[in-house]
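An overview of the molecular structure
Take a look at the letters that make up each chain.
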Amino acid sequence: MTSENNAEPGPSAPESSETSGTNDAPEASDLRDRAAASIRDLLRQRNGKTICPSETARAIGGDDWRDLMPLVRDVASGLVDQGVVIVQQKGEEVDIAAARGPIRLAPGPQLNGPTSAD
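Residues numbered from 1 in each chain as written. Predicted model: local features only at pLDDT ≥ 70, side-chain atom pairs only at ≥ 80, totals over all residues. Heavy atoms only, no water.

**Considering the overall build of the protein**
Along the protein, the regular secondary structure elements total five helices and three strands. Secondary structure elements in the protein, listed N-terminal to C-terminal, are α-α-α-α-α-β-β-β. For the protein, the proportion of its 118 residues judged to be buried stands at 28%. A fraction of 47% describes how many contacts in the protein between residues 6 or more apart in sequence connect residues 24 or more apart. (Helix = DSSP H or I, 4+ residues; strand = E, 2+ residues; numbered from the N terminus. Buried < 20%, exposed > 50% of the residue type's maximum accessible area, 1.4 Å probe, protein only. Contact = heavy atoms within 4.5 Å.)

Structure below.
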């Protein structure tokens, strides 16, 4: 019964302190921005060829890249909606939400921005 009252000085206090809770949202937003920028940059460097989402995860996550794969796929989904990315499996365009297994990201028509001269 005294251990519950002494939770503040215990080792679990730093985990529930401001260092873990308040930094999550900005860090997640920063990672999403970095992932989107990395996808665009890698696609531009490949001159029309596809990239693997893991390349982006490795670029932004270092040794912990595997943990970022769901985030990278989610960011790629948003870029599909913007026309920046096309998702492929075995060379065929697929819906990223329905795709299971390995995917490739190809440049979409909006990768370099609108081409209209308006």
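**Considering the environment of S54**
Following the sequence through the fold, S54 ends up in helix α4 (residues 53-61). Here S54 falls in the buried class, since its relative accessible area comes to 10%. Residues S54 and V72, spaced 18 residues apart in sequence, show a C-alpha to C-alpha distance of 8.0 Å. In this view, S54 contacts W65 and M69; residues no more than four positions away in its chain are not counted.

**Some remarks on the nonpolar core**
Ranked by size, the top nonpolar core spans 24 residues in total, and within it I39, I60, V75, L79, V85 and L105 carry the most contacts. Residue contributions to this core peak at six residues, all from helix α3 (residues 24-45). Every residue in contact with L105, bar those within four places of it in the chain, is listed here: I39, L43, K49, T50, I51, P53, A76, V85, I86 and V87. (Core = buried A, V, L, I, M, F, W, Y, C linked by side-chain atoms within 4.5 Å.)

**Overview of the pattern of salt bridges**
Evaluated as defined, the whole model comprises four salt bridges. Measuring nitrogen to oxygen at the nearest pair gives 3.9 Å for the salt bridge that ties R34 to D30. Placement of both R34 and D30 in helix α3 is noted, with a separation of four residues, approximately one turn of the helix. Here R34 falls in the partly exposed class, since its relative accessible area comes to 35%. Residue R44 pairs with D41 through a salt bridge whose shortest N-O separation is 3.8 Å. (Salt bridge = Lys/Arg side-chain N within 4 Å of Asp/Glu carboxyl O.)

**Some details on the packing of α4 against helix α5 (residues 69-81)**
At a closest axis distance of 9 Å, the pairing of α4 and α5 adopts a crossing angle of 120 degrees. Classed by the angle they form, the pair α4 and α5 counts as oblique. Crossing angle aside, the handedness with which α4 passes α5 is right-handed. Between α4 and α5, the contacting residues are P53, S54, T56, A57 and I60 on the first element and M69, L71 and V72 on the second. Here the residues of the contact of α4 with α5 are counted per class, giving six nonpolar, two polar and no charged. (Axes fitted to C-alpha atoms, helices over the stretch in contact; angles between N-to-C directions. Parallel < 35°, antiparallel > 145°, perpendicular 65-115°, else oblique. Left-handed = near helix turned anticlockwise from the far one by under 90°. Nonpolar A, V, L, I, M, F, W, Y, C, P; charged D, E, K, R; others polar.)

**Comments concerning the pairing of strand β1 (residues 85-89)**
Strand direction decides the pairing type here: β1 and strand β3 (residues 104-107), joined by four bridges, are antiparallel. Pairing of I86 across the sheet is with A106, part of β3. In this sheet, strand β2 (residues 92-93) lies alongside β1 in antiparallel orientation, the contact comprising two bridges. Bridging from a neighbouring strand, Q88 pairs with E93 of β2. A loop of two residues connects β1 with β2, the two strands running antiparallel in sequence, and K90 in this loop sits at a positive phi of about 50 degrees. (Pairing = 2+ DSSP bridges.)

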